[in-house]
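Examination of the molecular architecture
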Amino acid sequence: MSNQNLIAPSILSADFARLGEEVNHVLASGADIVHFDVMDNHYVPNLTIGPLVCKALRKHGVTAPIDVHLMVKPVDRIIPDFVDAGATYITFHPEASEHVDRTLQLIRSLGCKAGLVFNPATPLSYMDYVMDKLDMVLLMSVNPGFGGQAFIPSTLKKLREARARIDESGLPIRLEIDGGVKVDNILEIKQAGADTFVAGSAIFGAGQSTDPNRYDSVIATMRDEIAKAG
Ligand code: DX5
Ligand code: ZN
């Protein structure tokens, strides 16, 4: 599993009025996991969706992993609600938790996979003493809060550093990238060490909105680009 490349559409850019259908379509088009952005208008300047919507997707029949990216502060209170709602991964920003180790333990103790999210200016040293409690490291390649922003180039160097730390640990930790991922930069992102690729506007903005196969081509092209890394 940890060697497999995963495409994770961010539903932030989906048509929320038809969310169940949108998620069915991206999964039928070859996406692997559903990236679920939770924003609180406090930790980040935007407001999105919570556990009720996660639960609704499960009730709708979504069985793929749901990758809950918490951009909320504080984090601990809401974690059990996302566990109950069917989250697979729960990731959070270390700046949003008073006790990072405790929050990681909480997520795992409730049966979910746990991850830390690094903003562009957040040092990787936050992972130093908690590697054994991580299933995912998520590097933000934009500042969190909005879809459709441009990829910050210095993230490539940070990805290489994160990849080295993960490889050195020997642990099965996924390395996810989030923000500004497109068909034309996904290869260099792969080459820098990512194995899990969040893409919102690049996927949900593709094709004609009435075509049920509109996501096939962009997801297939992303996979072709990733495969060039060998
Ligand atoms: C931003 C979110 C991202 C966002 C990415 O705070 O965490 O997941 O949806 O959107 P794009 O792919 O459009 O940059
Ligand atoms: Zn995200």
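Use the structure listed above.
Residues numbered from 1 in each chain as written. Chains lettered and ligands numbered in written order. Predicted model: local features only at pLDDT ≥ 70, side-chain atom pairs only at ≥ 80, totals over all residues. Heavy atoms only, no water.

Within the protein, His35 (NE2), Asp37 (OD), His69 (ND1) and Asp178 (OD) serve as the donor atoms for the zinc ion (ligand 2), at 2.0 to 2.3 Å. When the donor residues of the zinc ion (ligand 2) are listed from N- to C-terminus, their spacing reads H-x1-D-x31-H-x108-D. In this pair, histidine 35 sits in strand S2 (residues 34-39) while aspartate 178 sits in strand S7 (residues 174-178), placing the two residues 143 residues apart along the sequence. Each of the two residues, histidine 35 as well as aspartate 178, counts as buried. (Donors = N, O, S within 2.8 Å, 3.2 Å for Na, K, Ca; no water. Helix = DSSP H or I, 4+ residues; strand = E, 2+ residues; numbered from the N terminus. Buried < 20%, exposed > 50% of the residue type's maximum accessible area, 1.4 Å probe, protein only.)

Counting buried positions along strand S3 (residues 66-71) gives six out of six residues, so the element sits mostly inside the fold. Of the two faces of S3, the one holding Ile66, Val68 and Leu70 and the one holding Asp67, His69 and Met71 are both buried throughout. For S2 and S3, the ladder comprises six bridges, and the chain directions are parallel. Looking at S3, one finds that phenylalanine 36 is bridged to valine 68. (Pairing = 2+ DSSP bridges.)

Another aspect to go through is the state of the cysteines. Formally, a disulfide is one covalent bond, and it connects the sulfur atom of one cysteine to the sulfur atom of another. Applying the stated rule across the entire model yields zero disulfides. Cysteine 54 takes part in no disulfide bond, and the closest cysteine sulfur to it belongs to cysteine 112, at a distance of 8.7 Å. (Disulfide = S-S within 2.5 Å.)

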